[in-house]
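A structural walkthrough
So the chains spell out like this:
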Amino acid sequence: MSFNLNNLLDSAGEFLGITGDPFSSPIGQKVLEATNENLNSVDWETNLLVVDLVNMTEDGPKEAIRAIRKRMHTMVGKNDQVVYFSLVLLETLAKNCGRKFHLLICSREFSNELILKIVPASNDAQLVEVKVLSLIQSWAHAFSVDPELQGVAELYLELKKKGVEFPPPTDDDILLVEKTRSQSTASGPPSSSSSSSQLHSTLSPARQQQHHPQGMTSSRPGSAAPTTSRPASRGMSGAEQQQPSSGSREAVAAR
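From a predicted model like this one, the values you see are computed outputs, not experimental measurements.

Rules and cut-offs
Residues numbered from 1 in each chain as written. Predicted model: local features only at pLDDT ≥ 70, side-chain atom pairs only at ≥ 80, totals over all residues. Heavy atoms only, no water. Helix = DSSP H or I, 4+ residues; strand = E, 2+ residues; numbered from the N terminus. Buried < 20%, exposed > 50% of the residue type's maximum accessible area, 1.4 Å probe, protein only. Contact = heavy atoms within 4.5 Å. Areas by Shrake-Rupley, 256 points an atom, 1.4 Å probe, with all protein chains shown as cover. Phe/Tyr/Trp six-rings, centres within 6.5 Å; stacked < 30°, edge-to-face > 60°.

**Considerations on the overall build of the protein chain**
Looking only at helices and strands, one finds 12 helices and 0 strands in the protein chain. The buried share of the protein chain, taken over its 255 residues, is 53%. Here the analysis covers contacts within the protein chain between residues at least 6 apart in sequence; of these, 79% occur between residues at least 24 apart. Taken as a whole, the protein chain presents about 11300 Å² of accessible surface, with 50% of it coming from carbon and sulfur.

**Observations regarding the environment of Lys95**
Summarising the element assignment, Lys95 is placed in helix α5 (residues 80-96). The class for Lys95 is buried, based on a relative accessible area of 6%. Sequence separation between Lys95 and Val51 is 44 residues, and the spatial gap between their C-alpha atoms is 9.4 Å.

**Description of the packing of aromatic side chains**
Applying the stated rule across the entire model yields 2 aromatic pairs. Measuring from centroid to centroid gives 6.1 Å for Tyr84 and Phe85, while their planes differ by 55 degrees, and the two rings are tilted. Judged by relative accessible area, Tyr84 falls into the buried class, the value being 0%. When its relative accessible area of 2% is taken as the criterion, Phe85 is described as buried. Summarising the aromatic geometry, the rings of Tyr156 and Phe166 are spaced 4.8 Å apart at their centres and angled 65 degrees between planes, so their arrangement reads as edge-to-face.

Okay, here's the thing in structure tokens:
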């Protein structure tokens, strides 16, 4: 399967005047800072600065995605902790940015890229694969109510049918689903049928077991969240992971 997201983003960048090094913009520079190789834990302050920059500028979502994609492709297999920090940044942005950002991360092209390019190239399944699967599952549950955001849900269901085992959803994942469901209800039903009911039926109330990758901590920002009392809505820890069952990586790679 061919991937055209990169070409689409590059073409959009040229049209909008966003060309050259994706790290040269203020957002790109903060992406580098948030995913610095020398970090020992997630830099929540910088993650939230990226959120603010993305929400303040019209082209913020595209600039952030270009920089994060470049960062992951450059570092995967070389320094998977940087890739992990990039995935946590994606998670934080997804929880705190709007529909323009969601349209990019929930596209089938971007979801496929995470599964078919980033995961196979990584050397640390516990750090990268589990996080990717967690994001795919979380976004599928949270955003499938919108017909234009169902690309990631389609991939999620296909992987489930292939036997890929996803980590149990965290409390923060469930809160994100509840938040998007309430927003959808407030704005009225979706314009066309979606797979939301099917996805919701697979969502277990099980809580994810705590697991901290070696050398990393799960510190969270101390500021209160804007929509809930949990700090994760303003910055997910992402450090709670569960070891994938045997055969999970093979099933993902075979997708």
